[in-house]
Amino acid sequence: MKGLAEKGVRISLEAEKIAESASIPAEELLSLGKTFITEDDILILIRKKADLREAPLAEAPPAQFIPPSDFRPSAREFGPSLRFHEKLDVTGKSRGSGKVEDFVAYFRDRFERISRLLSAYASKYPEASLDDMKRAEGQKVRSIVMITDIRQTKNNNILMDVEDLKGKFKILFTRREEEAFSRARMLTRDDIIAVYGKATNAFIIVEDFELPDLPVSRDRKLCEKDLAIAYLSDIHFGSNKFVKPYLDGFVDWLHGNRGNPELAGKVKYISIAGDLVDGIGIYPNQERELTEKDIYRQYALFDDFINSLPDYIEIIVGPGNHDAVRRGEPMPAIPKDMIKSDVHLIGSPAFATIECSDHLIYHGTSTDSMVASMPKLSYDKPEQVMVECLKRRHLSTIFGGNAIVPERMDYMLIEKEPDVLHFGHVHKNGYTKYRGTLVINSGTFQSTTDFQLKQGHIPTPGRVPVLELMSDTLRTLDFSR
Ligand SMILES: [Fe+2]
Ligand SMILES: [Fe+2]
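These figures come from a predicted structure and were not determined experimentally.

What counts, and at which threshold
Residues numbered from 1 in each chain as written. Chains lettered and ligands numbered in written order. Predicted model: local features only at pLDDT ≥ 70, side-chain atom pairs only at ≥ 80, totals over all residues. Heavy atoms only, no water. Disulfide = S-S within 2.5 Å. Helix = DSSP H or I, 4+ residues; strand = E, 2+ residues; numbered from the N terminus. Donors = N, O, S within 2.8 Å, 3.2 Å for Na, K, Ca; no water. Tetrahedral: all angles 85-135°; square planar, octahedral: opposite > 155°, others 65-115°. Pairing = 2+ DSSP bridges. Axes fitted to C-alpha atoms, helices over the stretch in contact; angles between N-to-C directions. Contact = heavy atoms within 4.5 Å. Buried < 20%, exposed > 50% of the residue type's maximum accessible area, 1.4 Å probe, protein only. Core = buried A, V, L, I, M, F, W, Y, C linked by side-chain atoms within 4.5 Å.

A. Quick peek at the state of the cysteines. Counted according to the given criterion, the structure contains one disulfide. Note that Cys223 is cross-linked by a disulfide to Cys356, the S-S spacing being 2.1 Å. On the sign convention where negative means left-handed, the S-S torsion of about -90° between Cys223 and Cys356 marks this disulfide as left-handed. With a gap of 133 residues between them, Cys223 in the loop between β8 (204–210) and β9 (228–232) and Cys356 in the loop between β13 (350–354) and β14 (357–361) connect regions that are remote in the sequence.

Pasting the structure below:
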C-alpha cells in the first residue's frame, strides 16, 4: 500500500486487502502508530468507524407511537389496489424433487422462454441452430445459445462451449472484435445469448452478441392516486446487531411524528424483501450473535413491529435466506404459522401490481454468485448487480452459484418487464434507473456483523427508500441520525 513503506510501516497481505476494500487511506493506517499492521488492527479500526456512525445497539424500551392530533394521513382515504401474479410465485406449487428429468425440464423451460425474448430482435443474419453448423460452414449466422464453459485460449482469445436444444458447439471471441470481446468478459456460465458471426468447422467466430435485455425505452406509468410505497428488507429481528432505535424511528415517522408528515401520510404500502429475522443455524456459531434464540419468538417480534404500523398500510412480505423457508430458490412464502399479523405473504421472487406499478420483488441472494463471477460487480453497488439481472431477464443465471430448486417452470426468469425491481440481501442501499425500470436495493436494519467487517463491507442501516407513485419521485429517509 502506497505511503506506508516510506514511513517504515509494514502491513500483512490480508490486512492490506481488507483496508483496500474498505477504502481506508494510508494516513489513517499511519495514525495507528504501529510498525507492523495486522488484520486485527484493521478490523478494530473499521469497527470503531462503524460504531461511531451507528447508534448504540442497546435494547430500546418499548416504544409508543402516538400520532399528533392534527395528523391526517391521505393514505387512509384510499382503499388498496393490489394484485399478486400467482402464476409467477412458486408458493404452493413446488414440484422439484432434484431428479434428472427436473433439471432437463427446468433448463428447457429457461432456454425456450429466453429464446422467445431474443427472437423479438430483428436479425441481420439467418438463424441457425447448432446441429446445422456443418451446413452453415463459411456463412454468417445468428444462433441462440446457452454458455456451458468459458476459457481463455493460448492467444488470449475467449472460447466458450455452448448448447442449444439440438446440439453443442463452440464460439470464439477474438480481440479483433474489440467491443464484443470486452463485453464478453461479463458473460458467465449458463447465460443465454444470441451470437452473430461466421461459422467455421470448429466454432462460430463472434462479431457481436445480444443479451435478452429490456426494450430500449418504455413509458413509465404515473399512477393517479397520490400514494407512496416504502421499501424495507433485512430487518434481522433476533440478531444482536439489529438496530431497534432506527426501526422505531421509521414507525414513529409513519405516525406523523418526525418531519415531512405529508409524505408519511401518503405511505399506503410497505414492500419487505426478506430476512425479517436472523433465523437459527444459518451460519456456524450464529447463536452467539442472537438476542433471541427461538425462531417463533423472533417472528413474534416481527409481528409486534407490524402491529405497531398504521392500520391502513398494506404490507407485502417475501422471504430471505435467513427466514423459515427452504434455502433453495425460488422460495415459497413464509408459512402462516410463523407470521400471525395481517400481511400479504409472497414467495421470492414474486410479481405484484401495486396501484398501477408492476413490482418484481426478490430477496437478492444471487448477488453473491454474481459478484463472485463478474469482474466489474461489487457489494458496494448492489444496483449494478440488479441491472445485470435485468439485462439477462433472469434473477439468478449461474446455476448452482446459489441453491436453485429445478422446478418445471423457471420462476427466476423475468418475463414481464417490471416498473420497479426490489432487492435486499446485501445490506446496502442502492438505486438506479435502467431502461424504464426503477431499481431499488432497500438496505437493512442490522448493523455491521463481524463477517461483513472481515469482507471490508460496511452496511447502511436505517435508510428507507420511499417512492411517490403519482410524481415518480424516490427519496431515501435516513433514520440512523
Ligand atoms: Fe440480510
Ligand atoms: Fe439475505
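Once the structure has been displayed, the description carries forward.
B. Quick peek at the coordination of the iron ion (ligand 1). All of the protein donors around the iron ion (ligand 1) are Asp234 (OD), His236 (NE2), Asp275 (OD) and His427 (NE2); their distances to the metal are 2.0 to 2.3 Å. For the iron ion (ligand 1), the four donor atoms are set out with angles of 86 to 174° between them, so the coordination reads as irregular. In this model, the iron ion (ligand 1) sits 3.4 Å from the iron ion (ligand 2), the two metals being bridged by Asp275. Placement of the pair is Asp234 in the loop between β9 and α7 (244–254) and Asp275 in the loop between β10 (267–273) and α9 (295–307), with a sequence separation of 41 residues.

C. Representation of the sheet that holds strand β5 (residues 158–163). Taken in spatial order, the five strands line up as β4-β5-β6-β8-β7 and close into a barrel, and their pairing is mixed. The sheet shows a mean angle of 55° between the axes of neighbouring strands, direction not considered. In terms of strand pairing, strand β7 (residues 192–199) meets β8 through six bridges, oriented antiparallel. Bridge pairing in β8 links Val195 to Phe209. Here helix α4 (residues 100–119) sits on the sheet and contacts β4 (140–152), β5, β7 and β8; the angle it forms with β4, its principal contact strand, is near 135°.

D. Broad picture of the environment of Gly443. Locating Gly443 in the fold gives a position in the loop between β17 (437–442) and α12 (450–454). Since its relative accessible area comes to 0%, Gly443 is described here as buried. Between the alpha carbons of Gly443 and Asn429 there is a distance of 4.3 Å; along the sequence they are 14 residues apart. Beyond its immediate sequence surroundings of up to four residues, Gly443 is in contact with Ser233, Asp234, His427, Lys428 and Asn429.

E. A look at the nonpolar core. With 45 residues, the main nonpolar core has Ile235, Phe250, Trp253, Ile270, Ile272, Phe302 and Phe305 as its most contacted residues. In this structure, Phe351, Leu360, Val371 and Ile398 belong to the second largest nonpolar core, which totals 25 residues.

F. Region of the structure containing the pairing of strand β16 (residues 429–434). Strand direction decides the pairing type here: β16 and β17, joined by six bridges, are antiparallel. Paired with Thr432 across the two strands is Val439, which belongs to β17. Turn length for the β16-β17 hairpin, with the two strands adjacent in sequence and antiparallel, is two residues, and the turn residue Arg435 shows positive phi of about 45°.

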